[in-house]
Amino acid sequence: MNGLFYGSGTALVTPFRDGRVDFAALGALIDWQIASGTDALVVLGTTGEPSTLSDAEREQIIAFAVERAAGRVPVIAGAGSNDTEKAIALARRAEAEGADALLVVTPYYNKAGDDGLIQHFTAIAERVRVPIIVYNVPSRTGVNLRPEIMVELAKHPRIRGVKEASGNMRQIAELCRLAGDGLYLYAGDDADAFGVLALGGQGVISVAANVLPAAMHELAARFREGDLAQSRAMQLSLLPLIRALFCEVNPIPVKAALAEMGRIGEEMRLPLTPLRGEKRAQLLQTLRDCALL
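Residues numbered from 1 in each chain as written. Predicted model: local features only at pLDDT ≥ 70, side-chain atom pairs only at ≥ 80, totals over all residues. Heavy atoms only, no water.

## Re the UniProt feature "site: Part of a proton relay during catalysis" (unreviewed entry) in the protein
Alright, step 1. In the numbering used here, UniProt assigns the "site: Part of a proton relay during catalysis" (unreviewed entry) feature to Thr-46 and Tyr-109. For the largest pocket, the lining residues among the annotations just cited are Thr-46.
Alright, step 2. If you trace the backbone, Thr-46 turns up in the loop between β4 (40-43) and α2 (55-69).
Alright, step 3. Apart from residues lying up to four places away in sequence, Thr-46 is in contact with Tyr-135, Arg-140, Asn-250 and Pro-251.
Alright, step 4. The exposure class assigned to Tyr-109 is exposed, which follows from its relative accessible area of 71%.
Alright, step 5. Beyond its immediate stretch of four places on either side in the chain, Tyr-109 contacts Asn-82 and Thr-141. (UniProt positions renumbered as here; feature names shortened; annotations may be inferred. 1 Å grid on protein atoms, 1.4 Å probe; cavity = no way out; pocket = protein on both sides within 12 Å on 5 of 7 lines; lining within 4 Å. Helix = DSSP H or I, 4+ residues; strand = E, 2+ residues; numbered from the N terminus. Contact = heavy atoms within 4.5 Å. Buried < 20%, exposed > 50% of the residue type's maximum accessible area, 1.4 Å probe, protein only.)

## Topic: helix α9 (residues 213-224)
Alright, step 1. For α9, with twelve residues, the first-to-last C-alpha span of 17 Å sits near the 16 Å given by 1.5 Å per residue.
Alright, step 2. The complete set of buried residues in α9 reads Pro-213, Ala-215, Met-216, Leu-219, Ala-220, Ala-221 and Phe-223.
Alright, step 3. Looking at the buried side of α9, the elements it contacts are β1 (7-11), α1 (23-35), α8 (193-198), β10 (203-206) and α10 (228-245).
Alright, step 4. A positive phi of about 95° marks Gly-226, the residue just after α9. (Expected span 1.5 Å × (residues − 1).)

## Here's the deal with the environment of Met-169
Alright, step 1. Secondary-structure assignment places Met-169 in helix α7 (residues 169-179).
Alright, step 2. According to the relative accessible area criterion, Met-169 is partly exposed, its value standing at 28%.
Alright, step 3. C-alpha of Met-169 to C-alpha of Gly-195: the two residues are 26 residues apart in sequence and 7.9 Å apart in space.
Alright, step 4. If near-sequence neighbours (up to four positions away) are discounted, Met-169 is found in contact with Asp-192, Gly-195, Val-196 and Leu-199.

## What about the nonpolar core?
Alright, step 1. Among the nonpolar cores identified, the biggest contains 86 residues, and Val-43, Leu-102, Met-150 and Val-211 are the most heavily contacted of them.
Alright, step 2. If we ignore the near neighbours within four places in the chain, the residues touching Met-150 are Val-134, Leu-145, Ile-159, Gly-161, Val-162, Leu-175 and Leu-183.
Alright, step 3. If you look at the next biggest cluster of nonpolar residues, it comprises 15 residues, including Ile-76, Leu-103, Val-137 and Tyr-186. (Core = buried A, V, L, I, M, F, W, Y, C linked by side-chain atoms within 4.5 Å.)

## Thoughts on the packing of helix α11 (residues 252-260) against helix α12 (residues 277-289)
Alright, step 1. At a closest axis distance of 11 Å, the pairing of α11 and α12 adopts a crossing angle of 55°. As the angle between them shows, α11 and α12 are arranged oblique. The interaxial crossing formed by α11 with α12 has right-handed handedness. Facing α11, whose interface residues are Pro-253, Ala-256, Ala-257 and Glu-260, α12 presents Arg-280, Leu-283, Leu-284 and Leu-287.
Alright, step 2. A class-by-class count of the residues in the contact of α11 with α12 yields six nonpolar, no polar and two charged. (Axes fitted to C-alpha atoms, helices over the stretch in contact; angles between N-to-C directions. Parallel < 35°, antiparallel > 145°, perpendicular 65-115°, else oblique. Left-handed = near helix turned anticlockwise from the far one by under 90°. Nonpolar A, V, L, I, M, F, W, Y, C, P; charged D, E, K, R; others polar.)

## Some thoughts on the pairing of strand β5 (residues 75-78)
Alright, step 1. Where burial is concerned, the two faces of β5 agree: the one with Val-75 and Ala-77 and the one with Ile-76 and Gly-78 are both buried.
Alright, step 2. Handedness of the crossover is the feature at issue here: the chain leaves β4, passes through α2, returns alongside β5, and the resulting connection is right-handed.
Alright, step 3. Across three bridges, β5 lies against strand β6 (residues 101-105) in parallel orientation. Of the residues in β6, the one forming a bridge with Ile-76 is Ala-101.
Alright, step 4. Read as a crossover between parallel neighbours, the route from β5 over helix α3 (residues 84-96) to β6 is right-handed. (Right-handed = clockwise from strand over helix to strand, strands pointing away. Pairing = 2+ DSSP bridges.)

## Observations regarding the pattern of salt bridges
Alright, step 1. Applying the stated criterion across every chain yields a total of 18 salt bridges.
Alright, step 2. With a closest N to O distance of 3.5 Å, Asp-31 and Arg-72 form a salt bridge. Here the residue Asp-31 occupies a position in helix α1, and Arg-72 occupies one in the loop between α2 and β5, the gap between them amounting to 41 residues.
Alright, step 3. By relative accessible area, which is 44% here, Arg-72 ends up partly exposed.
Alright, step 4. Here Asp-55 and Lys-86 are joined by a salt bridge, their closest N and O atoms 2.9 Å apart. Linking Asp-55 in helix α2 with Lys-86 in helix α3, this pair joins segments that are 31 residues apart in sequence.
Alright, step 5. Residue classification places Asp-55 among the partly exposed residues on the basis of a relative accessible area of 38%. (Salt bridge = Lys/Arg side-chain N within 4 Å of Asp/Glu carboxyl O.)

Below, the structure is given as structure tokens:
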């Protein structure tokens, strides 16, 4: 297992109960995900609320996920920071706990320039032995990783992939043109999964797969098997649910959905708060329409 994957990698939520990580619920989620065909597990991504977890909790979650997955699918661990030394420390601990690959977000708030981005990711890559997937999500970080810089980063043997959540398909297409086959490209937005596959990408790191793991796996599998019509139809049919799962900042709606499905308790850490009012009613109706409730 090289730590990378084709298909749907679920950006897992972190369940809480009474203020603590709910490992029983996390284990049940992991088992359900793998049984449903999920191709990889991504812990401590944005959906996993890593910014409100202690370093000890982060290590425990990675170690737990690795042990529970037991080699059945890759476990990819988020290890990003806007402090390069902190990111290196997180990356090394994630590797030590058994992560198969790392998901490393662009440094946020500091708003590094192109040279700073290159030096940041290179410094991390030099200190680990597992593959790195760079995470470009300018709506969260305030920094957009241009295709030319991503191609430069990909010259490093351990910088192997990118999760592209810019929402800019023209930019993603340009990245594909420049990178050729030398980069694992994953959609960072569920609504872009089919489009990224059509451009030559390897799949999606998915929020929606938390509630529909089999469908997200199947969307990618159908594409790979050459059934483009069915893959496209699945993408279009999932758009209402994807829209509902992003009616509020992630992971608020997906945690509400999983709680309504009886899979986790609806608990998160401040400053995030549970979904209320009209948005919750709309989410519940969409879940019913999708036969999830």
